[in-house]
Every structure is written in C-alpha cells, then in structure tokens.
Amino acid sequence: MSEDAAWKDEEVEVDDLHPLLRSRWSPMAFDQRHRATKRQVDALLEAARWAPSAGNSQPWAFIVARRGEDSHGRVVKHLAGSSLRWAPTASLLVLNLCHRNVEGTDMDYSEFSHYDLGQAVAHMTIQATAMGLHARQFRAFRRAAVQAEFAVPDHWEVSTITAFGIPASGGAAPETAPASARLGAVRRALDDLQWPKAGDVTR
Ligand SMILES: Cc1cc2nc3c(=O)[nH]c(=O)nc-3n(C[C@H](O)[C@H](O)[C@H](O)COP(=O)(O)O)c2cc1C
C-alpha cells in the first residue's frame, strides 16, 4: 500500500490539520501592553486582498483602528454587550465592510458579498496566526452608530469587527488541548457536517 493510501485509510486527527488552523482560537482577553506595527496591519490587509471572490468582485473594505489612535476611541464608544469588556484592550480593531447593494438601489452588488467578505476575514485571521497574533471576530457593536461615525454609505455594511492582538494570561487556551476541547470551541462531529448522514437512505 502506498503512503498516500495508508494515510487515507486512517481516521483523521486534529494533528492532521495545518498548524496555522490547529492553533487558531479566539481569545476573550487581550494583553493591553502589546502594540500592532504598521507592517503587521498592512500584512493583514494584504492577506485579505488576495482572498478569492465571485468574479473577482472583491466586495470588501476595512477600517483600521489601532489602540492609541483616534480611530480606536471612535470604535470603542460604539461597542456593546460583552465586547465592551474584552475588545478595547486588543491591539487592533478592524471593521469588516461588505459591499451589499448597488449604490442607490435595493439590488445586490453581488449574490456572494457576505460569503466573500468572510473569506477575506478568514485569510486575515490565518495571516494573524502566522504572525503570532490572535483574532476574535464579533458582532457585539451598535452597527448604525458605527456606520454613522465613519460615514459608511448605505450600500455598504459594517458586518463584523475583528479584534487582533496577543491573548492576556488567563485568556489562553491550554497548549496541549485538542481543538475540540479549546475554550468556546466545541465542534460538531465530522459525520454531522456531511450530507446525507451516515445511515441515511440515498435516492
Ligand atoms: C460572524 C461572527 C460573529 C461573532 N460574534 C461574536 C460576538 O459578538 N461576541 C463574541 O464574543 N464572539 C463572537 N464571535 C466569535 C465566536 O464565538 C467564535 O469564533 C466561536 O465560538 C468559535 O471559537 P474559536 O474561534 O475560538 O474557534 C463571532 C464569530 C464570527 C465568525
């Protein structure tokens, strides 16, 4: 049996995941001593820039707010709920904007604009992991107020915010924990995400 075939016959384990995927997790406590450099910020944006999108429509834009800069305070004052407790100490808050409509109409700019923004943000989180940073995406902010604060036009939507930084001690997932046991990271079983499910009758 070839090495490839042997690999395919074994049960997949978390160690089979690429280390960048395996080690990604979303902290809820960030070290407020850490500062993100401009080069790190640019690398995150560069990662988003190279994400795939339907018809290469690239329906995304980002507002960058580094802790200590004026823009950071303008984001923090519109955080809501739990994010107000943990997001302000992150080194960087990035607003993830989706090009939803054709300007002045109710027509979709692209059927896939949310899908594509999600991929761009996923690229950023993996790039962050490669640079030794962690990321937590969140929706806990006052969207209308954020849109008004940064004069985001109606045909664009501030979909989510990503907090980037270094986890504060106490916010860390145990080094040795498998992905399925990490903080807040219980996952559905492999069988459960395949359709039809094992045992279902197929027609
Ligand atoms: C679109 C989106 C919205 C999210 N909103 C919040 C939020 O409002 N507050 C929060 O604490 N976490 C939020 N999260 C983080 C998820 O809860 C987290 O990714 C999930 O529990 C899995 O944990 P892991 O990223 O550590 O694997 C959000 C994540 C995504 C992708």
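Analysis parameters
Residues numbered from 1 in each chain as written. Predicted model: local features only at pLDDT ≥ 70, side-chain atom pairs only at ≥ 80, totals over all residues. Helix = DSSP H or I, 4+ residues; strand = E, 2+ residues; numbered from the N terminus. Buried ≥ 20, exposed ≤ 12 C-beta atoms within 10 Å, placed from the backbone. Contact = placed C-beta atoms within 7 Å. Pairing = 2+ DSSP bridges. Axes fitted to C-alpha atoms, helices over the stretch in contact; angles between N-to-C directions. Expected span 1.5 Å × (residues − 1). Parallel < 35°, antiparallel > 145°, perpendicular 65-115°, else oblique. Left-handed = near helix turned anticlockwise from the far one by under 90°. Core = buried A, V, L, I, M, F, W, Y, C linked by C-beta atoms within 7 Å.

Participant: So what exactly am I meant to see when it comes to the overall build of the protein here?
Facilitator: For the protein, the helix and strand inventory stands at seven helices and four strands. Helices and strands in the protein line up, N terminus first, as α-α-α-β-α-α-β-α-β-α-β. Residue burial in the protein is summarised as follows: out of 203 residues, 25% are buried. Taking the contacts inside the protein whose residues are at least 6 apart along the sequence as the reference set, 78% of them involve residues at least 24 apart.

Participant: How should the sheet that holds strand 2 (residues 92-99) be read in this particular structure?
Facilitator: Across a sheet, strands are paired by hydrogen bonds formed along the backbone, either parallel or antiparallel in direction. What the four strands build is an open sheet, ordered 1-2-4-3; its pairing is antiparallel. Two strands in the sheet have a free side with no partner beyond their single neighbour: strand 1 (60-66) and strand 3 (134-138). The average angle at which neighbouring strand axes cross in this sheet is 25°, direction not considered. Sheet topology places strand 1 next to strand 2; seven bridges connect them, and they run antiparallel. Its bridge partner being in strand 2, Ala65 is matched across the sheet by Leu93. Helix 3 (residues 38-49) contacts strand 1 and strand 2 of the sheet and is inclined by roughly 165° relative to strand 1. Against the sheet, helix 6 (residues 113-130) touches strand 1, strand 2, strand 3 and strand 4 (156-165), its axis set at about 155° to strand 2.

Participant: Mind showing me how you'd approach unusual backbone geometry here?
Facilitator: Here the residue pair Trp195 and Pro196 is connected by a cis peptide bond, since its omega of 0° sits within 30 degrees of zero. With a phi angle near 45°, Gln58 is a residue other than glycine that sits in the positive phi range. Here Gln58 lies in the loop between helix 3 and strand 1. Phi at Ala151 is positive, roughly 50°, even though this residue is not glycine. For Ala151, a count of 6 C-beta atoms within 10 Å corresponds to the exposed category.

Participant: Whenever I open this one, helix 6 confuses me. Can you help?
Facilitator: Each turn of an α-helix holds 3.6 residues, which means side chains three or four residues apart point in the same direction. If you check helix 6, its first and last C-alpha atoms are 26 Å apart, about what 18 residues at 1.5 Å a residue would give, namely 26 Å. The complete set of buried residues in helix 6 reads Ser113, Asp116, Leu117, Ala120, Val121, Met124, Thr125, Gln127 and Ala128. On its buried side, helix 6 packs onto helix 3, strand 1, strand 2, strand 3 and strand 4. Looking one or two residues beyond helix 6, the residue adopting positive phi is Gly132, at roughly 85°.

Participant: Sorry if this is basic, but what is going on with the environment of His114 here?
Facilitator: Relative to the helices and strands, His114 resides in helix 6. Note on His114: 15 C-beta atoms within 10 Å, which makes it partly exposed. Put simply, His114 and Arg100 are 14 residues apart on the chain and 7.7 Å apart in space, counted from C-alpha to C-alpha. Non-local contacts of His114, meaning those with residues more than four positions away in its chain, are made with Cys98 and Ser159.

Participant: Got a minute to help me understand the packing of helix 3 against helix 6 in this structure?
Facilitator: To characterise two packed helices, one gives the angle between the axes of the helices and the distance between these axes. Direction vectors running N to C along helix 3 and helix 6 enclose 140°, while the axes themselves pass 7 Å from each other. In terms of axis orientation, helix 3 runs oblique to helix 6. With respect to the hand of their crossing, helix 3 and helix 6 are arranged in right-handed fashion. Contacts between helix 3 and helix 6 involve Ala43, Leu44, Ala47 and Ala48 from the first element and Ala120, His123, Met124, Gln127 and Ala128 from the second.

Participant: I keep staring at the nonpolar core and nothing clicks. Help me out?
Facilitator: In a soluble, globular protein the nonpolar side chains are often hidden away together inside. By size, the foremost hydrophobic cluster in this structure holds 31 residues, and its most contacted members are Ala90, Leu93, Val94, Met124, Ala163 and Phe164. When residues of this core are traced back to their parent elements, those giving at least two are helix 3, strand 1, strand 2, helix 6 and strand 4. Sort the elements by how many residues they give to this core and strand 2 lands first, with six residues. If near-sequence neighbours (up to four positions away) are discounted, Val94 is found in contact with Leu44, Phe62, Val64, Ile161, Thr162 and Phe164.

Participant: Help me out: how do you make sense of the environment of Leu95 in this one?
Facilitator: Among the secondary structure elements, Leu95 is positioned in strand 2. What makes Leu95 buried here is the crowd of 22 C-beta atoms within 10 Å. The contacts of Leu95, once residues within four sequence positions are left out, are Phe62, Ile63, Val75, Val146, Val158 and Ile161.

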